Amino acid sequence: MNRDELKENWDKLHDQGLSGHAEKDISEIVQQGTSKLVGDINRRLFRDMVITAFAATISALAMIAFYFAYDPVQHIWIDAAKITRIQLGAFSLFFMLFLFGWMEYQLVNQRFTAESVHTYLSSLLHKLTKYSRLFLLVTLPLLLVTYYLELDYFFPDEGSLDWVVKMGGALVLLSLSYVVIRWYARKTFGRYLADLASFQKELDA
């Protein structure tokens, strides 16, 4: 069933009212819409996983290449102890993004039938909310540490309060990152989740 046919069935469902349809018919219409939405979400999740996997690979290879080329005598301006922490932080961040992408893909990509679509939607929306909180709980501290290490590398301590200034800068960057993360999530997946929530309400009615 293509999107136009689905829209036509959906419009008929609203025009005639829920009483004009058997529960199984409603579930089948919702299942068709859910299958389309889940497929779209999965494609976007897979795309994001590929990007983060590529970034994590590049990050790991960059670390290896750096230590092959690094010579303390020739590169006296490089503080290897500090830059190693930055590299490990960046790699950990990309790896965690890939891991969370995979977890979300597994969460969304579950089989369901017309009989189980309501249970699937209720469970999916609840788990995605919990997943979003866990993602922010793990990712934001990693971002904060990485930002601080980068500022600490490029702006060495010159006074006793320098760490306060750098932490303040890291918190500002973290706040901007939080705004971008929320905006990206709403822009990429917001309308799909809203449609899934709408399907769930139709089945609850």
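Just so we're clear, the structure is a prediction, and the values are computed from it rather than from any experiment.

A. Region of interest: the environment of Phe98. When you line up the elements, Phe98 lands in helix α3 (residues 80–108). In this structure Phe98 comes out as partly exposed when scored by relative accessible area, which is 30%. For the pair Phe98 and Met49, spaced 49 residues apart in sequence, the C-alpha to C-alpha distance is 5.5 Å. Setting aside its immediate chain neighbours within four residues, Phe98 contacts Met49, Thr52 and Ala53.

B. Structural view of the environment of Leu121. When you line up the elements, Leu121 lands in helix α4 (residues 117–154). Exposure remark for Leu121: the relative accessible area of 0% places this residue in the buried category. Residues Leu121 and Val108, 13 residues apart in the sequence, show an inter-C-alpha distance of 9.8 Å.

C. Region of interest: the confidence of the model for the protein. The predicted model of the protein has a mean per-residue pLDDT of 76, with 77% of residues at 70 or higher. For the protein, the element scoring lowest by mean pLDDT is helix α1 (residues 3–16), at 50; α4 scores highest, at 86. This stretch, residues 16–22, has a pLDDT under 50; its non-local contacts, to residues over four places away or in other chains, come to 9 contacts.

D. Inspection of the side chain of Thr139 at higher detail. Among the structural elements, Thr139 can be located in helix α4. Apart from the residues within four sequence positions on either side, Thr139 is in contact with Leu93 and Leu97.

E. Summary view of α3. A rise of 1.5 Å per residue sets the reference length of α3, with its 29 residues, at 42 Å; its end C-alpha atoms lie 42 Å apart and thus fit the reference within 8%. When α3 is considered as a whole, its buried residues turn out to be Lys82, Ile83, Ile86, Gln87, Gly89, Leu93, Phe100, Gly101, Glu104, Tyr105, Leu107 and Val108.

F. Quick look at the pattern of salt bridges. Inspection of every chain in the model, using the stated rule, returns 3 salt bridges. A salt bridge links Arg47 to Asp48; its shortest N-O distance comes to 3.3 Å. In this structure, Asp152 and Lys82 form a salt bridge, with 3.6 Å as the shortest nitrogen-oxygen distance. With a gap of 70 residues between them, Asp152 in helix α4 and Lys82 in helix α3 connect regions that are remote in the sequence. The class for Asp152 is buried, based on a relative accessible area of 10%. Residues participating in the shared-partner salt-bridge network are Lys82, Asp152 and Lys166.

G. Up close: the packing of α3 against α4. Running from N to C, α3 and α4 cross one another at 175°; their axes reach a closest spacing of 9 Å. As far as their axial angle goes, α4 and α3 are roughly antiparallel. Of the residues that constitute the contact of α3 with α4, the class distribution is 21 nonpolar, 5 polar and 6 charged.

About the criteria used
Residues numbered from 1 in each chain as written. Predicted model: local features only at pLDDT ≥ 70, side-chain atom pairs only at ≥ 80, totals over all residues. Heavy atoms only, no water. Helix = DSSP H or I, 4+ residues; strand = E, 2+ residues; numbered from the N terminus. Buried < 20%, exposed > 50% of the residue type's maximum accessible area, 1.4 Å probe, protein only. Contact = heavy atoms within 4.5 Å. pLDDT = per-residue confidence, 0-100. Expected span 1.5 Å × (residues − 1). Salt bridge = Lys/Arg side-chain N within 4 Å of Asp/Glu carboxyl O. Axes fitted to C-alpha atoms, helices over the stretch in contact; angles between N-to-C directions. Parallel < 35°, antiparallel > 145°, perpendicular 65-115°, else oblique. Nonpolar A, V, L, I, M, F, W, Y, C, P; charged D, E, K, R; others polar.

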